[in-house]
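Residue-level structure breakdown
Each chain, written out:
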Amino acid sequence: MKNAKDLGFFTRQVHAGEFDDPNGSATIPIYQTSTFRFKSADHGAACFSGEDNGYIYTRLGNPTIDALEKAVANLEHGYGGIATSSGMAAITTVYLALLGSGKHIVSHNALYGPARGVMETVFSRFGVKYSYVDTTNIENVRKAILPETTMIYTETPANPTIGISDLKALAELAHEHNIPLVVDNTFCSPFLQRPIEHGADVVVHSMTKFINGHADIVAGMIITANEKLFKIIEPVMNNMGCNMDPHQAYMVHRGLKTLGLRVERAQSSAMKIAEYLENHPKVAWVKYPGLKSHPQYDLAKRQMDGPGTMISFELKGGLDAGKKLMDNVKLILLAVSLGGVESLIQHPASMTHSKISHEKKLQAGITDGLVRLATGIENVEDLITDLDQALQKA
Ligand SMILES: *Cc1c(COP(=O)(O)O)cnc(C)c1O
């Protein structure tokens, strides 16, 4: 019952992954232990051979972490979850598992910066080849596939352009070539989008964002659509040692239980703020999947259960206006990240992407006046009042 896949989302976010605790604990206890006692030498041998599914050592498995893995895999409609120490650990584990020397990845050109940075600075040293193209246009991906391509990777909506890639079309293309489609679903969380339902083979999450949701933990998760991929990726995580800690798992699981409530609330504010910004004289344009002006509005409606909480907008005043806006918000926090209960704002051109060349910025859709806003769960009137006074100064 508890792990049934046909219960409603809110029921599953509370109960999926639970096991019957011998003491009747209402929540999953924290098994804060590095190792587990065997009942006998034979039992130890059976645990290692897999005949007995008893726990051995926390890097290899732990009841608190398992409960979270089962819960998130359930919400994503996947086969299994592999928890990691961070979102980047989830991404690099998937790279390590599915790429290799001489192999090639086709990836989105507008994605979470370090997911590309680690490819260009680290994986390239081990002979991995890459192509970064705009995956919102499937033809770019089709043209970039080589005989040695072993993975297509995308993020939708993408960071920070809010471009939407067609998951069904990408999955079909990947499967024509017998290669997996990997999707970073951080911006949506399983409440708004489940890539596996559209044919994706692997989903990665920075649970630091919506799933934990309280800006107090860094964590990641890999969800595979099938057993085969699970068996390829899980040992890589175990052996590389980028596992989650039981206390971290407990905290994320606590956050998960209110995921849908938080996203619904922040999303309704995002819609109102996007409309407010679209009518603001200092704003050149707004990109939000809930606005008809979004270039992939129809695709977003088909693929996502809601437009989300991430808004990008361009200030007419460019770099200077962007900085002024950052320096004048009072309630909205000037900080990177997203998906927490507090609203956050950042200006990529002067902050996250300030060291990148102007040309590369433009390629990734980062213009001088681009602002990224992640709504939290505060009262929307207060958020608009704050934006209003700060925009006056921008
Ligand atoms: C934050 C983020 C990551 C990286 O996650 P960490 O938990 O910070 O390692 C990856 N992808 C996206 C879309 C993110 O927003």
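Thresholds, definitions, all that
Think of each chain on its own: its residues are numbered from 1, step by step along the sequence as written. At least 70 in pLDDT is required for a residue's local features to be given in this predicted model, at least 80 for side-chain atom pairs to be given and counted, and no such filter applies to totals for whole chains, interfaces and linings, which use all residues. With hydrogens and water excluded, all non-hydrogen atoms of the structure serve as input to the side-chain values. Burial status follows relative accessibility: with a 1.4 Å probe on protein chains alone, a residue under 20% of its type maximum counts as buried, one over 50% as exposed, and anything between as partly exposed. Helix and strand labels come from DSSP, where a helix needs a run of H or I of at least four residues and a strand needs a run of E of at least two; each type is numbered from the N terminus. Each pair of strands is called paired provided DSSP finds at least two bridges between the two strands. Any residue with a heavy atom positioned within 4 Å of a molecule or strand is treated as near that molecule or strand. Counted as a polar contact is a pair of N or O atoms within 3.5 Å, where, for protein atoms, one must be capable of donating a hydrogen and the other of accepting one, and residues adjacent in sequence contribute only when both atoms are in side chains. The protein chains shown are the only cover counted for residues, whose accessible areas, like all others here, come from Shrake-Rupley with a 1.4 Å probe. Helix axes are fitted to C-alpha atoms over the stretch in contact, other axes to C-alpha atoms as well, and angles between N-to-C directions run from 0 to 180 degrees. For a helix, the expected span equals 1.5 Å multiplied by the number of residues minus one. Think of it this way: a Phe, Tyr or Trp ring, Trp meaning its six-membered ring, pairs with another when their centres are within 6.5 Å, and the plane angle makes it stacked under 30 degrees, edge-to-face over 60, tilted otherwise. Where each domain begins and ends follows an automated or database-derived domain assignment. A simple way to read buried area is as the amount of 1.4 Å-probe accessible surface that goes missing from two parts once joined, with both sides added. The term salt bridge refers to a side-chain nitrogen of Lys or Arg lying within 4 Å of a carboxyl oxygen of Asp or Glu. When residue character is reported, Ala, Val, Leu, Ile, Met, Phe, Trp, Tyr, Cys and Pro are called nonpolar, Asp, Glu, Lys and Arg charged, and the others, Gly included, polar. Contact criterion: two residues are considered in contact whenever any of their non-hydrogen atoms come within 4.5 Å of each other. For the purposes of this section, nonpolar cores are sets of buried Ala, Val, Leu, Ile, Met, Phe, Trp, Tyr and Cys residues that join through side-chain atoms within 4.5 Å.

Regular strands show a simple pattern: their side chains alternate between the two faces of the sheet. The buried fraction of strand β1 (residues 80-84) amounts to five of the five residues, a majority that puts the element mostly inside the structure. Burial along β1 is two-sided: the face carrying Gly-80, Ile-82 and Thr-84 and the face carrying Gly-81 and Ala-83 are both buried. Judged from the five bridges that link them, β1 and strand β7 (residues 220-224) form a sheet pairing that is antiparallel. Residue Gly-80 lies in a different strand from β7, and its bridge partner there is Thr-224.

Moving on, we get to the site of the ligand. Contacts to the ligand come from 16 residues, most closely from Met-88, Asp-184, Ser-206, Thr-208 and Lys-209. A distance of 2.9 Å is found between an oxygen atom of the ligand and a backbone nitrogen or oxygen belonging to Gly-87. Between an oxygen atom of the ligand and a side-chain N or O atom of Ser-206, the distance comes to 2.8 Å. The protein chains hide 92% of the 380 Å² of surface that the ligand would expose on its own.

So, on to the sheet that holds strand β6 (residues 202-206). Read across the open sheet, the seven strands follow the order β1-β7-β6-β5-β4-β2-β3; overall the sheet is mixed. Only two strands of the sheet have a single neighbouring strand rather than two, namely β1 and β3 (129-133). Within the sheet, the average angular offset between the axes of one strand and its neighbour, ignoring direction, is 20 degrees. Taken together, the five bridges between β6 and β7 define a ladder with antiparallel strand orientation.

With 20 residues, helix α11 (residues 259-278) should reach 28 Å at 1.5 Å per residue; the first-to-last C-alpha distance of 28 Å fits that figure. When α11 is considered as a whole, its buried residues turn out to be Leu-259, Gly-260, Arg-262, Val-263, Ala-266, Gln-267, Ser-269, Ala-270, Ile-273, Ala-274, Tyr-276 and Leu-277.

Going through the model one piece at a time under the given rule, you end up with nine aromatic pairs. Taken together, a centroid distance of 6.4 Å and an interplanar angle of 85 degrees make the contact between Phe-9 and Phe-10 edge-to-face. Among the residues examined, Phe-10 registers a relative accessible area of 33% and is labelled partly exposed. Among the aromatic side chains, those forming a connected cluster through ring pairs are Phe-9, Phe-10 and Phe-191.

With that settled, consider the domain arrangement of the chain. Taken domain by domain, the chain holds domain 1 (9-256) and domain 2 (260-393). In this structure, domain 1 and domain 2 have C-alpha centres spaced 27 Å apart. Summing both partners gives a buried area of about 2700 Å² for domain 1 against domain 2, and 58% of it is carried by carbon and sulfur. Scanning the region where domain 1 abuts domain 2 turns up one salt bridge. On the surface where domain 1 and domain 2 come into contact, there are 15 residue pairs in polar contact (both at pLDDT 80 or more). Looking at the side of domain 1 that touches domain 2 residue by residue, the class counts come to 16 nonpolar, 15 polar and five charged.

Further remarks concern the side chain of His-43. With respect to the helices and strands, the residue His-43 is situated in helix α2 (residues 41-49). Accessibility expressed as a relative area gives 13% for His-43, which makes it buried. Polar contacts involving the side chain of His-43 include one to the main-chain amide nitrogen of Lys-39, which spans 2.9 Å. For His-43, the contacting residues outside a window of four places in its chain are Phe-38 and Asp-52.

A large share of strand β12 (residues 370-374) lies buried, amounting to five of its five residues. Across the two faces of β12 the burial is the same, with Leu-370, Arg-372 and Ala-374 and Val-371 and Leu-373 all buried. The pairing of strand β9 (residues 310-315) with β12 spans five bridges and is classified as antiparallel. Within β12, the residue paired with Ser-312 across the bridge is Arg-372. Relative to β12, strand β11 (residues 344-346) runs antiparallel, the two being bridged by three bridges. Counted as the bridge partner of Leu-344 is Ala-374 from β12.

Taking strand neighbours across the sheet as the criterion, the five strands line up as β8-β9-β12-β11-β10 in an open arrangement whose pairing is mixed. At either margin of the open sheet sits one strand with a lone partner, and together these are β8 (283-287) and β10 (333-334). Note: β10 against β11, two bridges, orientation parallel. Along β11, the bridge assignment pairs Leu-333 with Leu-344. Strands in contact with α11 are β8, β9 and β12; relative to β9, the strand with the most contacts, it is inclined by about 10 degrees. Contacting β9, β10, β11 and β12, helix α13 (residues 318-328) crosses the sheet at an angle of about 130 degrees to β9.

Here the focus is the nonpolar core. Leu-68, Val-72, Met-207, Met-244 and Leu-256 are the most contacted members of the largest nonpolar core, which has 37 residues in total. Looking at this core, the elements that each hand over two or more residues are α3 (63-75), α8 (189-192), β7, α10 (246-256), α11 and α12 (297-303). Ranked by residue count, the leading element in this core is α3, at six residues. Domain assignment of the residues forming this core places at least three in each of domain 1 (9-256) and domain 2 (260-393). The contact partners of Met-244, leaving out residues within four places of it in the chain, are Ile-65, Leu-68, Ala-83, Thr-84, Ser-85, Met-207, Ala-219, Gly-220 and Ala-249. Core analysis: the second largest hydrophobic core is formed by 29 residues, Ile-82, Leu-99, Phe-123 and Met-151 among them.

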